[in-house]
Every structure is written in structure tokens, then in C-alpha cells.
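Results of the structural survey
Each chain, written out:
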Amino acid sequence: MQTINYILKDIRPFNLKNDIAQMKKIFERYPFSHLPVVDRKIYFGTIAREEIEMIKSEDLKLKDLKHLIQPYYVTENMNWFEVLQNFATYNTNFMPILNADKTYVGYYELDDFLNMFKCTPFLHEEGVILVVSKSITDYSFSEISQIVESNNATLFGAFVSKIEKDIAQITLKLSLHDINNTLHSFRRYNYEILNEFEKDKYIEELNERSNYLQKYLNI
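Read on for an overview of the structure.

Procedures and definitions
- Residues numbered from 1 in each chain as written.
- Predicted model: local features only at pLDDT ≥ 70, side-chain atom pairs only at ≥ 80, totals over all residues.
- Heavy atoms only, no water.
- Patch = residues over 30% accessible without salt bridge, like charges linked within 9 Å, V, L, I, M, F, W, Y side chains within 5 Å.
- Areas by Shrake-Rupley, 256 points an atom, 1.4 Å probe, with all protein chains shown as cover.
- Salt bridge = Lys/Arg side-chain N within 4 Å of Asp/Glu carboxyl O.
- Lys, Arg positive; Asp, Glu negative; His and termini not counted.
- Charge placed at Lys NZ, Arg CZ, Asp CG, Glu CD.
- Helix = DSSP H or I, 4+ residues; strand = E, 2+ residues; numbered from the N terminus.
- Buried < 20%, exposed > 50% of the residue type's maximum accessible area, 1.4 Å probe, protein only.
- Contact = heavy atoms within 4.5 Å.
- Pairing = 2+ DSSP bridges.
- Axes fitted to C-alpha atoms, helices over the stretch in contact; angles between N-to-C directions.
- Core = buried A, V, L, I, M, F, W, Y, C linked by side-chain atoms within 4.5 Å.
- Phe/Tyr/Trp six-rings, centres within 6.5 Å; stacked < 30°, edge-to-face > 60°.
- Polar contact = N/O pair within 3.5 Å; in protein donor to acceptor, adjacent residues only side chain to side chain.

With that out of the way, let us pick up a positive patch on the surface. Together, Lys 17, Arg 40, Lys 61, Lys 63 and Lys 66 give the surface a local cluster of positive charge. Following the sequence through the fold, Arg 40 ends up in the loop between strand E1 (34–39) and strand E2 (42–48). Overall, Arg 40 belongs to the exposed group, its relative accessible area being 76%.

A few words on the environment of Leu 65. Within the fold, Leu 65 resides in the loop between helix H2 (49–54) and strand E3 (74–75). With sequence-adjacent residues up to four places away left out, Leu 65 is seen in contact with Ile 20, Ile 55 and Leu 60.

Before going further, it helps to spend a moment on a nonpolar patch on the surface. Where nonpolar side chains cluster on the molecular surface, the patch consists of Ile 136, Phe 141, Val 160 and Ile 163 and spans about 310 Å² of accessible area. Examined against the element boundaries, Val 160 turns out to sit in strand E7 (residues 155–164). Val 160 gets classed as partly exposed once you look at its relative accessible area, which sits at 30%.

So, about the sheet that holds E3. In spatial order, the strands read E3-E4-E5; together these three strands make up an open sheet with mixed pairing. With partners counted over all chains shown, the strands left at the sheet margins are E3 and strand E5 (104–109), one partner each. By the bridge criterion, two bridges tie E3 to strand E4 (residues 94–98) in an arrangement that is parallel. Each bridged residue has a counterpart across the sheet, and for Thr 75 the counterpart in E4 is Leu 98. Where helix H3 (residues 80–89) meets the sheet, its contacts fall on E3, E4 and E5, and the angle it forms with E4 comes to roughly 130°.

This model, assessed by the stated rule, comprises four salt bridges. Between Lys 24 and Glu 58 there is a salt bridge, and its shortest N-O distance comes to 3.3 Å. Separated by 34 residues along the polypeptide, Lys 24 in helix H1 (residues 20–29) and Glu 58 in the loop between H2 and E3 bring together distant segments of the chain. A relative accessible area of 38% means that Glu 58 is categorised as partly exposed.

Turning next to the nonpolar core. Counting 23 residues, the largest nonpolar core has Phe 14, Ile 47 and Leu 62 as the members making the most contacts within it. Secondary-structure elements contributing two or more residues to this core are H1, E1, E2, E4 and E5. Apart from residues no more than four positions distant in its own chain, Ile 47 is found in contact with Phe 14, Phe 27, Ser 33, His 34, Leu 35, Val 37, Ile 52, Leu 62, Leu 68 and Ile 69. Core analysis: the next-biggest nonpolar cluster, separate from the first, contains 17 residues, Val 128, Leu 174, Leu 183 and Ile 193 among them.

Let us look at the pairing of E4. Taken across its five residues, E4 has five buried, putting it largely inside the fold. Here E4 shows a buried face lined by Phe 94, Pro 96 and Leu 98 and a second buried face lined by Met 95 and Ile 97. Looking at chain direction, E4 and E5 are connected through five bridges and run antiparallel. From the neighbouring strand, Ile 97 faces E5, where its bridge partner is Gly 106. The turn linking E4 back onto E5 is made up of five residues, and Lys 102 within it adopts a positive phi angle of 65°.

This paragraph deals with the packing of aromatic side chains. Counted by the stated rule, this structure contains 12 aromatic pairs. Note on Tyr 72 and Tyr 90: the rings are 4.7 Å apart at their centroids and 15° apart in plane angle, and the pair reads as stacked. Residue Tyr 72 is located in the loop between H2 and E3, and its partner Tyr 90 is located in the loop between H3 and E4; the two are separated by 18 residues in the primary sequence. Residue Tyr 72 is classed as buried on the basis of its relative accessible area of 2%. Within the aromatic cluster, the residues linked to one another by ring pairs are Tyr 6, Phe 87, Tyr 108 and Phe 113.

Secondary-structure assignment places Thr 171 in strand E8 (residues 167–175). We classify Thr 171 as buried; its relative accessible area is 11%. In terms of polar contacts, Thr 171 uses its side chain to reach the side chain of Ser 161, at 2.9 Å. In contact with Thr 171, not counting residues within four places along its chain, are Phe 122, Ile 129, Leu 130, Val 131, Gly 157, Ala 158, Phe 159 and Ser 161.

Rendered as C-alpha cells:
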């Protein structure tokens with residue numbers, strides 16, 4: 001997907017001479033969480049709507065608030081998924097774009113990239129969502145792909161959806177197939193299965209054995 005086709009240029013960036021009153025009026029015109037700050041073609045970063053709205057002294061200049069400016073951005077040659085990751089990292093719906101000379105050239109809007117994501121096989125293709133977990137030092141996407149493909153399934157997509165206490169949670173989208181052998185393979189490689197399936201034979205067998213053992217102990 002060509003992200004360059006989604007570059008927007010309709011917003012004029014703030015400069016360091018803008019005062020709070022001017023910035024509040026401009027924020028009222030746009031639905032963005034942040035807007036860019038440029039001075040003499042030098043990109044400074046973005047300023048958050050909530051930061052401006054909290055300031056009561058409307059005659060203050062942006063040059064007096066440099067400590068509130070966040071210097072995040074993406075470049076023209078980044079792929080769409082890297083851009084989407086940056087939206088998530090900085091919790092924003094506005095992403096400034098710089099060219100190779102680090103000059104501000106425009107911005108991306110979050111909704112455009114969410115629509116790109118909706119069109120990917122991860123969401124578009126019919127399949128199975130599988131969530132597994134393993135130590136962040138032990139899992140690999142090459143191993144995950146090998147496990148999936150060895151069970152005659154296709155991996156439409158995978159991403160790390162959570163990391164907690166050195167355990168990575170990986171969400172997978174697989175093609176429709178007999179999931180039970182795939183679950184068994186992941187367990188053999190010491191992955192924990194985090195979501196449930198109605199016909200998980202491995203769990204059924206464990207439950208049957210547990211029930212049998214309980215009956216034996218009660219005799």
C-alpha cells in the first residue's frame with residue numbers, strides 16, 4: 001500500500017509566535033488530538049489539544065511552552081504498518097510527516113490507516129483467531145510460522161498484543177482448518193493457549209483423564 005497517497009496538507013502548522021488564543025481557535029476547527037509546530041521551516045514537534053485547553057493565560061506564546069512540544073514524526077518512506085504503530089505509540093490521531101531533509105511535508109490521519117488495516121487478510125479473510133503466549137526470549141515468528149504451516153494452515157498475520165512480566169502474548173490469524181493439531185503443536189513447543197475452542201480435543205482428553213482419576217480415588 002502506497003502511504004504517500006494519504007499525505008494531507010490542508011493544515012497550516014503552528015509557529016512559535018502563535019499565542020494560546022490563536023491555537024485554541026484552530027483546534028476548534030479540527031478533530032485532532034495534536035497539531036504540528038514549525039518555525040522557519042524547522043520542525044519542532046506537535047502540541048496536544050489537552051495541553052492548550054488547560055492553559056488559562058491566552059496571551060502566552062508557544063515559544064514559552066517548548067517543554068510541552070512532543071517531537072514525534074514519521075518519514076515518507078515508512079510502510080503503513082510502521083505508521084500505524086506510531087499512531088498507537090504516541091496515542092494520537094495526527095501523524096506529522098518529514099521528508100529526507102527532515103522538513104515537514106504534511107500529515108497522516110489515523111482513520112485512513114485503520115481503513116488500510118481493515119482491508120488486510122488479517123481482518124478481511126475468513127479464519128481462526130488464536131492467542132498464544134511464551135517468554136519474550138523464547139518465542140519467534142519464524143517458529144510460529146513453521147508450526148502453523150506444518151499443520152497445513154496459512155498464517156494471515158501475527159502481532160505481539162501484550163507483554164507482561166517478560167511474557168509475550170501473540171495474536172494470530174490462521175486459515176480455516178482442523179485447529180486441534182495446531183493447538184497440540186503449539187503446546188509441544190511450550191506455548192500456552194490463551195483462548196478457548198469448542199472442540200479442543202487435548203483439553204477434553206485431560207478432563208476425561210482427570211474425571212477418571214477422581215472416580216478411581218473415590219472407590
